[in-house]
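Report on the structure
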Amino acid sequence: MASLADAEVSLTEGLADALSRVATLHPQCDLSNPGTPSATVAILRQRHGVLDHLVLADSPIVLDNGTDYTVITDQRVDQVLPTLQAEVARHETHTTGHREALQRLVLAQREVRNTPAGYWIAGTNPESAHHALTGTTELGRVRSAAVMSDGVSRLVTEYAMATWAEAFGTLRAGGPHALIETVRKIEATDPTGIRWPRYKSGDDASVAFCQW
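Conventions used here
- Residues numbered from 1 in each chain as written.
- Predicted model: local features only at pLDDT ≥ 70, side-chain atom pairs only at ≥ 80, totals over all residues.
- Heavy atoms only, no water.
- 1 Å grid on protein atoms, 1.4 Å probe; cavity = no way out; pocket = protein on both sides within 12 Å on 5 of 7 lines; lining within 4 Å.
- Points joined across faces, edges and corners; volume = space filled by probe spheres on them.
- Helix = DSSP H or I, 4+ residues; strand = E, 2+ residues; numbered from the N terminus.
- Nonpolar A, V, L, I, M, F, W, Y, C, P; charged D, E, K, R; others polar.
- Salt bridge = Lys/Arg side-chain N within 4 Å of Asp/Glu carboxyl O.
- Buried < 20%, exposed > 50% of the residue type's maximum accessible area, 1.4 Å probe, protein only.
- Expected span 1.5 Å × (residues − 1).
- Arc of directions from axis to C-beta.
- Contact = heavy atoms within 4.5 Å.
- Pairing = 2+ DSSP bridges.
- Axes fitted to C-alpha atoms, helices over the stretch in contact; angles between N-to-C directions.
- Core = buried A, V, L, I, M, F, W, Y, C linked by side-chain atoms within 4.5 Å.

Some points on the layout of surface pockets
Size it by volume and the second largest pocket reaches roughly 310 Å³. What lines the second largest pocket is a set of 13 residues, and nearest its centre among them are M1, A2, L4, A18 and I43. Sorting the residues of the lining of the second largest pocket by element identifies α1 (11–24) and β1 (41–47) as the ones contributing at least two each. Grouping the constituent residues of the lining of the second largest pocket by class yields nine nonpolar, two polar and two charged.

The following block contains the structure:
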């Protein structure tokens, strides 16, 4: 937030600066360790009559223009290690086979994370910011927007239990809490991932909802 306070600073530059700042707060840590914490990033910033966006990894931004929805997302992680990903999907969650397959996938992902052979995500290397997807939309073309983690967007993209119009209707009526509650209710009907194979029963769920 501090890095992007100046509207003339690009989202890419601001994210790179933020990653550098965080890294300097941990001088005693081995930041070269591939297991160092990392995160997806989704940023929407209003500036001079436009909306700037940045997406790094699979936390999407969805723009509503009143008649249609534009989904801005980075799915490059899904293209990496497809064989190991398929192996995880073959097992029910909360089983030994699932845990072992997921551990193999996570360890393999760490080796290619933030490399040209893998995918990019916010970690200790500010270089990852320069691989984010960015763009600008005229504010007058947007009625509302949702910035969310994939733990929420999967209601539409993976579970296909709602359309974006229905998801935005829930947001307008009950806010982020109502949409997250809907996701959790759907997931509760498939706790072991038989209908919707996934890494865990429910992923982290966050939403920021904006209206103009």
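There is more to say after this.
Here's the deal with the pattern of salt bridges
Tallying each qualifying case throughout the model produces 10 salt bridges. With a closest N to O distance of 2.9 Å, R21 and D17 form a salt bridge. Taken together, the residues R21 and D17, both in helix α1 and four residues apart, mark about one turn of the helix. For D17, a relative accessible area of 32% corresponds to the partly exposed category.

Some remarks on helix α3 (residues 96–112)
Between its first and last C-alpha atoms α3 spans 25 Å; for 17 residues at 1.5 Å apiece the expected length is 24 Å, and the two agree. Of the positions making up α3, those classed as buried are G97, H98, A101, L105, A108, Q109 and V112. The arc enclosing the buried residues of α3, seen along the axis, measures out at 105 degrees, which places them on a common side. Opposite the buried face of α3, by more than 90 degrees, sit the exposed residues Q103 and E111. Each element contacted by the buried residues of α3 is listed here: α2 (82–89). Two residues or fewer past α3, N114 is found with a positive phi of approximately 60 degrees.

Quick word on the sheet that holds strand β5 (residues 133–138)
Reading across from one edge, β1-β2-β5 is the order of the three strands in this open sheet, with antiparallel pairing throughout. A single partner strand is all that each edge strand has here, and the edge strands are β1 and β5. Sheet twist, expressed as the mean angle between neighbouring strand axes with direction ignored, is 15 degrees. The sheet contact formed by strand β2 (residues 50–56) and β5 spans six bridges and is antiparallel. Among the inter-strand pairings, L51 is bridged to a residue of β5, identified as T137. Against the sheet, α1 contacts β1, β2 and β5, and its axis sits at roughly 45 degrees relative to β2.

Here's the deal with the nonpolar core
Side chains of nonpolar character tend, in soluble globular proteins, to be buried together. Residues M148, V152, L155, W164, L179 and V207 are the most contacted members of the largest nonpolar core, which totals 18 residues. Of all the secondary structure elements, the ones that give two or more residues to this core are β6 (144–148), α4 (150–157) and α5 (164–188). Tallying contributions element by element places α5 first for this core, with seven residues. Every residue in contact with L155, bar those within four places of it in the chain, is listed here: A160, M161, A162, L179, T182, V183 and I186. Core analysis: the next-biggest nonpolar cluster, separate from the first, contains 13 residues, L11, L15, I43 and A129 among them.

A few points about the environment of A205
Residue position: A205 is located in the loop between α5 and β7 (207–211). Sequence separation between A205 and W120 is 85 residues; the distance between their C-alpha atoms is 21 Å. When near neighbours in sequence (up to four residues on either side) are disregarded, A205 contacts S149, G151, V152, I180 and R184.

Section: the pairing of β1
Two strands pair when backbone bridges link them, and β1 and β2 are joined in this way by seven bridges, in the antiparallel orientation. When the sheet's bridge partners are listed, R45 is paired in β2 with D52. Connecting the antiparallel pair β1 and β2 is a turn made up of two residues, with H48 showing a positive phi of about 50 degrees.

What is shown is where atoms sit, not what they do.
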